[in-house]
Structures are given as structure tokens and as C-alpha cells.
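Coordinate inspection notes
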Amino acid sequence: MTLHRFLAGLAAVLAGLILASPAAAAGALASTALQAAPTATGVETEVTRTALVLTMLAIVPAFIVTTTSFLRIVIVLAMVRHAFGMPQTPPNIVLTSLALFMTAFLMGPTLDQVNRDGLSPFMDGRVSMSQAMDGAAGPMKEFMLQHTRERDIEMVYTIARAPLPETAADLELLKLIPAFIMNELRVAFTIGFVVLLPFLLIDLVVSSILLSLGMMMVPPQTISLPIKVLMFILIDGWSLIMEGLLGSFG
């Protein structure tokens, strides 16, 4: 019964993490832990801890997309693909996998700190869930603050009709994350615009040549696609894209 009460309370905690403030989620967690503590055995504690981690894995993809460098990388890669005029090449799985590995490379130090300060102590039973959340949130917040404009943060707080915090440490994750996402979208579209310009120029030149030759029935894409691919290969385009993306994170 203790396990059932803990898992029932866990649902309330996760709902609080998504819809309410971190303080409310921590309060719900503390209440649940107090209810389960009097009769919990060592085995039950380990089982509930594992169940909690497995349950939180369901929302991990959303956090990977919204709180890491993945968003910027995958948008730029998708825009490169559309610049070629080949909406299915490379396939989505290839672009997503490349974005994930680049994200793991970029976020390695931050994720190591999250594991050291939050996940490992919690799995070893040395800290409570609320302490683990605080330890894991710190490195992620620091990373997002480095890549978020103050203007975006002010806009989010204005929309929420909440006063701006006095220090960066007082920023709420639920308000920092939307500001971070907006900045990532802005940077990704800026990089994408620069990438699209050469391909647009090739399309215009090919269309003009075909029109001047009277070959109006020939689709420009048929001629411009091989030229785009050849140009991209000659300049080692994928390496340039990767270097530009990595450099955009400083």
C-alpha cells in the first residue's frame, strides 16, 4: 500500500512540475515522501526510486528539445535539406541522430554536472527528490542563461504579469525555458537565412538561363539540383555547417 500511495503522489508531483511552480511540485513531493516514509522498507525505497526515474523518462524528450542545443541544430539541418529542394533527403532519422550526437557533444560538461549534482546522489539515496531537482536545475539554468537575451526574459515575465527577479538565481525555469526557446529559434532562422542565400542564387541563375534559351518547359529544379549538390561537396558544406553551429554556442 505504501508503494501505491507513493506512485499516486508521484503523478501529482509530475503534474506540478509541468503545470505549477517548482515550489508547489517540491511541496507535493515532500508530502508524498512523508506519507510513504513510516513503513517503507529498503526494497520498497529502491523500487519507488526506480519507478520515479522511469516515469520521469517519459518527459525527458520534451526537456531535451526545449532546454538543450538540440532545437537550434535540428532546425538548421532541416533548413539545409529544404535549401536543396529534397524534402526527404537526408531522412529525418539521419538529421535527428546527427542533431542528438552534436547535442551530446555540446552539452557534455553540463550533463556531467547534472549527473554529478542531481541524478547520481538521488539514485544512491543520498539526497531527496527536491534536492536532486535543485542540483540538476542549476547547470541547466546556467547553460540557458548564457544563450538567452534579457529582452526575451523580460517579455516572458511581462506576459506572465510577474515581477522580474532581482538576480539570475531567482529566475524560474518555467519562465526561462520559453525565453530560451525563442532565442534558439531566432538564432536558428538567422543561420538558416545565411545558408539559403547561395542556393537561392543558383536557382535564380538557372531559371534565367533556361528562360533566355527558351526552355520554359524544363523545370529549373532538374538542372539546379545537381549544381547545388556539386557546390556543396566542393566546399565541404557539411563540415562548414557543423563548425558554424558549434561556433554559434561560443
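A brief look at the structure comes next.

Rules used in this analysis
Throughout this document, residue positions are counted from 1 along each chain, in the order its sequence is written. For a predicted model such as this one, the threshold for reporting local features is a pLDDT of at least 70, and the threshold for listing and counting side-chain atom pairs is 80 or more; totals across whole chains, interfaces and linings nevertheless cover every residue. As a rule here, side-chain values cover all heavy atoms of the structure and leave hydrogens and water aside. Helix and strand assignments come from DSSP, with helices taken as H or I runs of at least 4 residues and strands as E runs of at least 2, each series counted from the N terminus. By convention a nonpolar core is built from buried Ala, Val, Leu, Ile, Met, Phe, Trp, Tyr and Cys residues, the set being connected through side-chain atoms within 4.5 Å. The buried label goes to any residue with under 20% of its type's maximum accessible area, the exposed label to any with over 50%, and the partly exposed label to all in between, with areas taken from a 1.4 Å probe on protein chains only. Note on definitions: a residue-residue contact is assigned when non-hydrogen atoms from the two residues lie within 4.5 Å. What counts as a ring pair is set by centres within 6.5 Å for rings of Phe, Tyr and Trp (its six-membered ring), and what kind of pair is set by the plane angle: stacked under 30 degrees, edge-to-face over 60, tilted for all other angles. Counted as over-ring charges are cases with an Arg CZ or a Lys NZ within 6 Å of the ring centre that also lie within 35 degrees of the ring normal. All axes are obtained by fitting lines to C-alpha atoms, using only the stretch in contact for helices, and the reported angles, taken between N-to-C directions, cover 0 to 180 degrees. Between 65 and 115 degrees an angle is taken as roughly perpendicular, under 35 as roughly parallel, over 145 as roughly antiparallel, and anywhere else as oblique. Note on convention: the crossing is left-handed when the near helix lies turned anticlockwise from the far helix by less than a right angle, right-handed when the turn is clockwise. Side-chain classes are defined by residue name, with Ala, Val, Leu, Ile, Met, Phe, Trp, Tyr, Cys and Pro counting as nonpolar, Asp, Glu, Lys and Arg as charged, and the others, Gly among them, as polar.

Within the fold, Phe-105 resides in helix α6 (residues 92-106). On a C-alpha basis, the gap between Phe-105 and Leu-246 in space is 9.5 Å, while along the polypeptide they are 141 residues apart.

What tends to happen in soluble globular proteins is that the nonpolar side chains get buried as a cluster. In terms of nonpolar packing, the biggest core is built from 35 residues, with Ile-73, Leu-77, Val-80, Met-144, Ile-241 and Leu-245 touching the most fellow members. Per-element accounting of this core gives the leading share, 11 residues, to helix α5 (residues 70-84).

So, about the environment of Pro-165. In this fold, Pro-165 is placed in the loop between α9 (150-160) and α10 (173-212). The spatial distance from the C-alpha of Pro-165 to the C-alpha of Glu-154 is 9.9 Å, given a sequence separation of 11 residues.

With that settled, the discussion passes to the environment of Thr-110. Looking at where Thr-110 falls in the secondary structure, it is placed in helix α7 (residues 108-123). Residues Thr-110 and Phe-143, 33 residues apart in the sequence, show an inter-C-alpha distance of 7.4 Å. Apart from residues lying up to four places away in sequence, Thr-110 is in contact with Pro-139, Met-140 and Phe-143.

Turning to the packing of aromatic side chains, a few remarks are in order. If you walk through the whole model with that rule in mind, you get five aromatic pairs. Here the aromatic rings of Phe-84 and Phe-232 are separated by 5.0 Å at their centres, their planes lie at 85 degrees, and the arrangement is edge-to-face. Taken together, the positions of Phe-84 in helix α5 and Phe-232 in helix α11 (residues 220-234) put the pair 148 residues apart, joining distant regions of the chain. Just above the ring of Phe-249 sits the side chain of Arg-72; from NZ or CZ to the centre is 3.9 Å.

We now examine the packing of α9 against α10. To characterise two packed helices, one gives the angle between the axes of the helices and the distance between these axes. At a minimum axis separation of 8 Å, α9 and α10 run at an interaxial angle of 130 degrees. Taken together, the axes of α9 and α10 lie oblique to each other. At the point where α9 passes α10, the crossing takes the right-handed sense. For the pair formed by α9 and α10, the contact residues are Asp-152, Ile-153, Met-155, Val-156, Tyr-157 and Ala-160 on the first element and Lys-175, Leu-176, Pro-178, Ala-179, Met-182 and Asn-183 on the second. A breakdown of the residues in the contact of α9 with α10 according to their chemical character gives nine nonpolar, one polar and two charged.

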